[in-house]
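Inside the fold
As a plain string of letters, each chain reads:
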Amino acid sequence: MGDNTGGLLRVSKAGRAGVVLNVGRTVAAGRVNKAGRVGSEIKPRKAGRTVNVIHAGRASRSAGEIGMRTTGGASRSAGEIGTGKVGGINRSGSEARPGKGGGANRSSSKARAGKTGRASRAALAGAAQGRLRPGSARRRHASAQGRRAAARAKQRTAMRRAPRPAPQASSPQAMPASGAGPAPRQTTHPQGVVVPAGREGAAASAGSAKGMPLPAAEHAVQAAGPGDYAAGYRDGVFAGGEALVAQHIPPDHILPAVAAADLIAAGFRQYAPSLTRLTSPHEMAGHIMAALDAQRPLSVVRLGDGELLALAADTVLPAAEVQELAPFLPYAGVPSSTPEIRAMLAEAIQAADWVGVPTSRAPTFQGLLFPVLRHFGIDWSSLKLTSSTINYSLHQSHLLLPILQGRRVLLMGSQATELGALLQQHGIQVTGIVPVVSGMADIPRVMQQTAGQPFDIALVAAGIPAVVLCRCIAGELGKVAIDFGHLADKLVTGELQL
C-alpha cells in the first residue's frame, strides 16, 4: 500500500495494514496486530505531520477506541483521535483539540481540529466501526442465548411451583402420579419416557398390549425437543433427590459434600434386613410339578396394575381417578369396580397359594400394592410371594414345557384355541378349551363349563377375572391353576417362541 494525501483511508485486502491516517504530508502504514489491545494507535513522527499506524487489534478493550500515541504519552479517547504533541496526553471525551507543546489536552466536548483532523477522524471511525461488526454480532448472539436461558429457567420455576402430585406411595391415601404402566413391566420410549399402558391382554384395547406407546404419550415425546427433555430430566432428578434431602436440613445449616445418592445408600443399608426374597422361577416350577405329581390343588395368581387399580377404586383412590388412570379396565373384565368385585378379588388374594407381586416401585405398581393390601386387611408377610411376571420367567427359563409335558392341560381365554394348536405341535396334551370369559360377572358360567372337562393344570388368560378363576379352580376343583396372562398372546403371535 502506498502513501496517500488528502485525508483518505485505505485498508489492504489481506487485512494486515488495518488503517492509514493522513494528517499532513507523509503517511507510513504499519502492520495490524490481531491481538492488539487498543482499537487503533497512531504515532506521529514530526509534530503530528507524519503518522504511523502501530496496531489495530480485534480484541480492542474499548469499542472503536482510536488514540494518537505520542512520545511519552498515551491517548484514551473513546472513538476519538488525540493530536497532542510531544509529551502530551489526549483524554477528550468526544472531539480532539491540538495540545500545546508538552501539555495535556482534556477537552470534553468541543474541538478546534482542522480540516485534516476531521477527515482523518471520520475515516478512522468508519474503519473501526467496520472492524467491530463481528463483535456486535457475537454480543447479539450471546444476548439471544441469555434470553432463551431465562425463558427456560422461568418455565422450570413455574413447573416447580405447580401443585404437587400425589402423596407418597407409603401412605394409605397414595395417589399415582402417572398413568398405568403395561404389564408385565412398564414400557420405556427410546427417549426415556415411561409410557402408561394396561395389564396383559387388557392393554391391547388401549394401544399398549404389545408394549407400544399410547398415542398421547407418543405425541408428547415427539413434541418435546432434546433440550426440553434434558431440562425436564434434570428438574425431575433434582425434585426427586436433592430437593427431598433439603426438606430435612434445618435452617442456617448445610450438609457439605454429601449427595442424595450417598444418603440413599446409607439409608438402604439400614433397611436391608427388611428385604423380602421372592420365590424364583426354578423354585416355583418345583412347587407346581410337586403339586401335579401329588394331584394336590395349587393356585398361582398375579397382581398387576389392573388388579391393583380395581382394588384401589373408592378405597385408596377416588373412582374418577381410577377411571382416568385405567381406561383399559372394562376390557380387562371390570367395567366398574364395585364393592362386590373388590371383595372377590381381596378374598382370592388372601386364599391363593402363591401371589405374584410387582417388583416395579412405580406409583401404580408397588405404589398401590401395600396401601391396597393394608386397606383390605391382608398381611403381606403372611403371603407366599413370587414375581408378578412369573409366567414370563417360567417361559424364559425354559421351564414351561417341562411343567406341561405329560399333563392334561386346559386353556382358558380368547387365545385358547390358537394356543392349544401351538402347544400340541410341541407334544402337549390339550384336553379342554374355554375360549370366552366375559368379565367378572361371567365367572359362575365359566366355572360350570370348566368343571365338566378333564384336566390336571389350567392356564388361565382372562384378564383380572383370572385371579378369582385360578383360586376357584384350585379350591373348588382341586386342580393346579396358573394365571397365564398376556403370555398367551405373545406365544400365538410369535413374539415369543416356545
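Residues numbered from 1 in each chain as written. Predicted model: local features only at pLDDT ≥ 70, side-chain atom pairs only at ≥ 80, totals over all residues. Heavy atoms only, no water.

**Things to note about the overall build of the protein**
Of regular secondary structure, the protein possesses 16 helices and 13 strands. Burial analysis of the protein (498 residues in total) assigns 42% to the buried set. Accessible area of the protein: about 26200 Å², with a carbon and sulfur share of 54%. (Helix = DSSP H or I, 4+ residues; strand = E, 2+ residues; numbered from the N terminus. Buried < 20%, exposed > 50% of the residue type's maximum accessible area, 1.4 Å probe, protein only. Areas by Shrake-Rupley, 256 points an atom, 1.4 Å probe, with all protein chains shown as cover.)

**Notes on unusual backbone geometry**
The backbone of Asp252 sits at a positive phi, close to 60 degrees, despite the residue not being glycine. Mapped onto the elements, Asp252 comes out in the loop between helix 4 (242-246) and helix 5 (260-271). On the basis of relative accessible area, Asp252 is assigned to the exposed category, the value being 81%. Even without being glycine, His398 reaches a positive phi, approximately 60 degrees.

**Overview of the confidence of the model for the protein**
Keep in mind that low pLDDT regions are not for reading the predicted coordinates in detail. The predicted model of the protein averages 72 in pLDDT, with 55% of residues at 70 or higher. Ignoring residues within four places in sequence, the model shows residues 1-117, a span with pLDDT below 50, making 226 contacts including any to other chains. (pLDDT = per-residue confidence, 0-100. Contact = heavy atoms within 4.5 Å.)

**Quick notes on the pattern of salt bridges**
Scanning the model with the defined rule gives 6 salt bridges in all. Residue Arg445 pairs with Asp442 through a salt bridge whose shortest N-O separation is 2.8 Å. The exposure class of Arg445 is partly exposed, given its relative accessible area of 35%. Here Lys490 makes a salt bridge to Glu495, at a shortest N to O gap of 3.1 Å. By relative accessible area, which is 43% here, Glu495 ends up partly exposed. (Salt bridge = Lys/Arg side-chain N within 4 Å of Asp/Glu carboxyl O.)

**So, the pairing of strand 13 (residues 480-483)**
With burial as the criterion, each face of strand 13 is covered, one bearing Val480 and Ile482 and the other bearing Ala481 and Asp483. Summarising the sheet, strand 7 (residues 298-302) and strand 13 pair through 3 bridges and their orientation is parallel. Within the sheet, the bridge partner assigned to Leu298 lies in strand 13 and is Val480. In the classification by handedness, the crossover that spans strand 12 (residues 457-460), the intervening helix 15 (residues 465-477) and the parallel strand 13 is right-handed. (Pairing = 2+ DSSP bridges. Right-handed = clockwise from strand over helix to strand, strands pointing away.)

**Considerations on the environment of Leu373**
Inspection of the secondary structure assignment puts Leu373 in helix 10 (residues 366-375). Using a relative accessible area of 4% as the deciding quantity, one classes Leu373 as buried. In the structure, Leu373 is positioned 65 residues away from Leu308 in sequence and 9.2 Å away in space, judged by C-alpha atoms. Beyond its immediate chain neighbours, meaning those up to four positions away, Leu373 contacts Ile349, Ile378 and Trp380.

**A look at a nonpolar patch on the surface**
Taken together, the side chains of Ile249, Leu255, Val258 and Leu263 define a hydrophobic patch exposed on the protein surface, amounting to about 270 Å² of accessible area. Mapped onto the elements, Val258 comes out in the loop between helix 4 and helix 5. For Val258, a relative accessible area of 32% puts it in the partly exposed group. (Patch = residues over 30% accessible without salt bridge, like charges linked within 9 Å, V, L, I, M, F, W, Y side chains within 5 Å.)

**Overview of the packing of helix 7 (residues 305-312) against helix 10**
One can describe the packing of helix 7 onto helix 10 by two numbers: an axis separation of 9 Å at closest approach and a directional angle of 45 degrees. Put simply, helix 7 runs oblique to helix 10. Seen from above, helix 7 lies across helix 10 with left-handed handedness. Contacts between helix 7 and helix 10 involve Leu308, Leu309, Leu311 and Ala312 from the former and Leu368, Leu369 and Val372 from the latter. Taken together, the residues of the contact of helix 7 with helix 10 sort by class into 7 nonpolar, no polar and no charged. (Axes fitted to C-alpha atoms, helices over the stretch in contact; angles between N-to-C directions. Parallel < 35°, antiparallel > 145°, perpendicular 65-115°, else oblique. Left-handed = near helix turned anticlockwise from the far one by under 90°. Nonpolar A, V, L, I, M, F, W, Y, C, P; charged D, E, K, R; others polar.)

**Here we look at the pairing of strand 11 (residues 429-434)**
On any regular strand, side chains alternate: one points to one face of the sheet, the next to the other face. Sheet topology places strand 10 (residues 408-412) next to strand 11; 5 bridges connect them, and they run parallel. Pairing of Arg408 across the sheet is with Gln429, part of strand 11. Regarding the hand of the β-α-β motif, the stretch spanning strand 10, helix 13 (residues 416-425) and strand 11 is right-handed.

**Describing the side chain of Ser387**
With respect to the element layout, Ser387 can be found in strand 9 (residues 385-387). You can call Ser387 buried: its relative accessible area is 14%. A polar atom in the side chain of Ser387 sits 2.9 Å from the side chain of Thr389. Ignoring any residue separated from it by four or fewer positions in sequence, one finds Ser387 in contact with Leu278, Gly356, Val357 and Thr359. (Polar contact = N/O pair within 3.5 Å; in protein donor to acceptor, adjacent residues only side chain to side chain.)

**Structural notes on the sheet that holds strand 7**
Two pairing modes exist for strands in a sheet, parallel and antiparallel, and in both the strands are linked by backbone hydrogen bonds. Taken in spatial order, the 7 strands of this open sheet run 9-8-7-13-12-10-11, and their pairing is parallel. Edge positions in the sheet fall to strand 9 and strand 11, since each has one partner strand and no second. Between one strand axis and the next, the sheet turns through 20 degrees on average, direction left out of account. Where strand 8 (residues 354-357) meets strand 9, 3 bridges bridge the pair, whose relative direction is parallel. By the bridge assignment, Gly356 is partnered in strand 9 with Thr386.

**Points about the packing of helix 14 (residues 443-451) against helix 15**
Contact geometry for helix 14 and helix 15: axes closest at 11 Å, N-to-C directions at 40 degrees. The angle between helix 14 and helix 15 falls in the class oblique. Crossing of helix 14 over helix 15 shows right-handed handedness. Contacts between helix 14 and helix 15 involve Ile443, Val446, Met447, Thr450 and Ala451 from the former and Pro465, Val468, Leu469, Cys472, Ile473, Glu476 and Leu477 from the latter.

**Details of the environment of Leu311**
Within the fold, Leu311 resides in helix 7. Remark: the alpha-carbon pair of Leu311 and Leu369, spanning 58 residues in sequence, is separated by 9.5 Å. Look past the residues within four positions of Leu311 in its chain and what remains in contact with it is Arg342, Leu345, Ala346, Ile349, Val372 and Phe376.

**Considering the nonpolar core**
In terms of nonpolar packing, the biggest core is built from 53 residues, with Leu345, Ile349, Val355, Met412, Val460 and Leu469 touching the most fellow members. Top element by residues in this core is helix 15. It accounts for 7 residues. Here Leu345 is in contact with Ala310, Leu311, Met440, Ile464, Val467 and Val468, once residues within four sequence places are set aside. Core analysis: the second largest hydrophobic core is formed by 32 residues, Val300, Ile390, Ile403 and Val480 among them. (Core = buried A, V, L, I, M, F, W, Y, C linked by side-chain atoms within 4.5 Å.)

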